[in-house]
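What the coordinates show
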Amino acid sequence: MNTRALFVVILLLAVFFRFWQIGSVPPGLYPDEAMNGTNALQALEGGDFLPYYIDNNGREGLFINLQALAIWFFGNEAWVLRFVSALFGTIAVWGIYLLTKELFWNKNSEIVALLSSFFLATSYWHTTLSRLGFRAITTPTLSILAFYFLFRGMRRNSMVDFALSGIMLGLGLNGYIAFRFLPFAFAVPVLIGLWRWWKNRSLSPEGTSSACFPCAVVLIGIFVIAVCTPLIMYFTEHPEDFATRTGQVSVFADEQPLRAFAISNIKTAGMLTVFGDCNSRHNFPCLPVLHPLVAIAFLYGLFLMLKKPDSLVPATLLAWFFFLSLPATLTREGMPHALRSIGMIPPVMIIAAVGGYALLEKLSYKKIPLHLPFVKGGLLPIVFLLLATIPLTTGYLYFGIWAKAPSTASAFSEDLSELAYYVRSLPEKTEKYLIMELDYDGRPVFAQSVIYLTGTATAQSQNEHNVHYLPRVGTTRRITLGNKPAIIGFIAFHDVALEQELEHAFPTLVKETHGGFTIYTYQP
């Protein structure tokens, strides 16, 4: 099997882990995911696609607008929101292969690239986040592509590549708040490139005839600004939205910020190899995010990188790893946090690939050839058997245990999805009264699973489907039971006193329990 065929197998593994049973795993629909879907439905119905959506502490608009496009094609289903994430996750596997080849051009790049893409394709950490409808998944993919086009542009002196790098950087800034740290990492190879250009203007960073590298940097900046213009204009008009969520969870809000920052760093570092995120939406509860073999390879690769921190590639990877850890380490809530640290995934996998390759070299006692099989003799089957444990472990943990656990269904509010599907199954003429605890913004985030799945994100769609969202206070006076069948349901709360009030006001109501929710039915 040649390297190209092996990479195809790795891509197929990536597709399998990200798309298999995506219609039912994860179960239910978490309200934060559904909030994206509600905004997407509002954008589709109103034709107003925004650069920034203020609901739920504010979110950049790129990913939501892409989800809107998917909904337009496939409908308002839970899997449609996650389909976009799975697509980004799969592209990341392809992208990291190309990037790693660029980083180690003519230096055993094929093998290291195969390892990095394999580690990413079979990573539980990346797999689980690729199957959630969160915008965070844009960060690994777009950061990979931004670095890929930058390094390819530096090798080829291609202004087209530099422009594409700027576009990817701009799109990433439109994707997820954690991406705002990437320009600091991006600056490292740029500054090294500028220094090399200045030192020897007749040579490029790779030793061939040179284009104007400062011109390339300016070109990158122009495209970043062009792509980010709508978002920049929004924040210019609404500066208070620029850091809405970060102030709530920042270590600087702690009484001892340095101590909080140190604790967050320790927990984030430990998350990789010792004790992981216990939030089952982000990780297999409390397990390290790296498979033991990948963890060993990463630690050895990190050791090798630290030996030459001033070289272009190690400096870039170390800066990428450090700066993209800050979205997690600068916060104090829910640590360690696999979602906020999602930007660390690409450099972790590439560093692990470098370490894995170096360990294979040590085991074989010689330089590994650039073609397969790169390990000969009795060591070859052992290596492949060890590597096979990674996808087998990920598949067993994710599909065999996590997907079937009752706690997983609870973590994704499956009861709200069941209520939504029940409401969807009713005839249009049925009056549907759904009671919720309103917050200061109106319909709360926890109600969004029902709102999105029933397709009732706007007043017009609510009228069309005869759905009425009612506050918990003064409910009975807002309900009219006449000559049409009706149901009364409760979204994310249980109130015995309110149930008694309804039964007293409408004696003909019939109480029914369906799975995880309770409703009252009325027949005229």
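The coordinates are above.
A few points on the structure. (Residues numbered from 1 in each chain as written. Predicted model: local features only at pLDDT ≥ 70, side-chain atom pairs only at ≥ 80, totals over all residues. Heavy atoms only, no water.)

Looking at helix 5 (residues 109–121)
In a regular helix each residue adds 1.5 Å, so 13 residues correspond to 18 Å; helix 5 covers 18 Å between its end C-alpha atoms and thus fits that length. With 13 of its 13 residues buried, helix 5 lies for the most part within the structure. (Helix = DSSP H or I, 4+ residues; strand = E, 2+ residues; numbered from the N terminus. Expected span 1.5 Å × (residues − 1). Buried < 20%, exposed > 50% of the residue type's maximum accessible area, 1.4 Å probe, protein only.)

Overview of the sheet that holds strand 6 (residues 510–514)
The strands making up a sheet are joined through hydrogen bonds of the backbone, oriented either antiparallel or parallel. One open sheet holds the five strands; their spatial order is 4-3-5-7-6, and the pairing between them is mixed. Of all strands in the sheet, those bounded by a partner on one side alone are strand 4 (467–471) and strand 6. Averaged over all pairs of adjacent strands, the angle between strand axes in this sheet comes to 25°, irrespective of strand direction. Bridge count for strand 3 (residues 431–436) against strand 4 is five bridges, and the pairing is parallel. Pairing of Leu434 across the sheet is with Tyr469, part of strand 4. (Pairing = 2+ DSSP bridges. Axes fitted to C-alpha atoms, helices over the stretch in contact; angles between N-to-C directions.)

Section: the state of the cysteines
Using the criterion set out here, one finds two disulfides in the structure. Disulfide partner of Cys212: Cys215, at an S-S distance of 2.3 Å. A torsion of 75° about the S-S bond marks the disulfide between Cys212 and Cys215 as right-handed. Judged by its relative accessible area of 27%, Cys212 is partly exposed. Linked covalently through their sulfurs, Cys278 and Cys286 form a disulfide whose S-S length is 1.9 Å. Judged by the sign of its S-S torsion, about 120°, the cystine formed by Cys278 and Cys286 is right-handed. Relative accessible area serves as the criterion here: at 37%, Cys278 is assigned to the partly exposed category. Exposure remark for Cys286: the relative accessible area of 28% places this residue in the partly exposed category. Disulfides within the chain link the bonded cysteines, taken in sequence order, as 1-2, 3-4. (Disulfide = S-S within 2.5 Å.)

Some remarks on the pattern of salt bridges
A side chain of one charge can pair with a side chain of the opposite charge if their charged atoms are brought near each other. For the structure on display, the rule yields 13 salt bridges. Among the ionic pairs, Glu60 bridges to Arg180, the shortest N-O distance being 3.5 Å. Residue Glu60 is located in strand 2 (residues 59–60), and its partner Arg180 is located in the loop between helix 8 (159–173) and helix 9 (182–199); the two are separated by 120 residues in the primary sequence. Three or more residues joined by partner-sharing salt bridges are found here, namely Glu60, Arg135 and Arg180. (Salt bridge = Lys/Arg side-chain N within 4 Å of Asp/Glu carboxyl O.)

That's the geometry; what it means functionally is another story.
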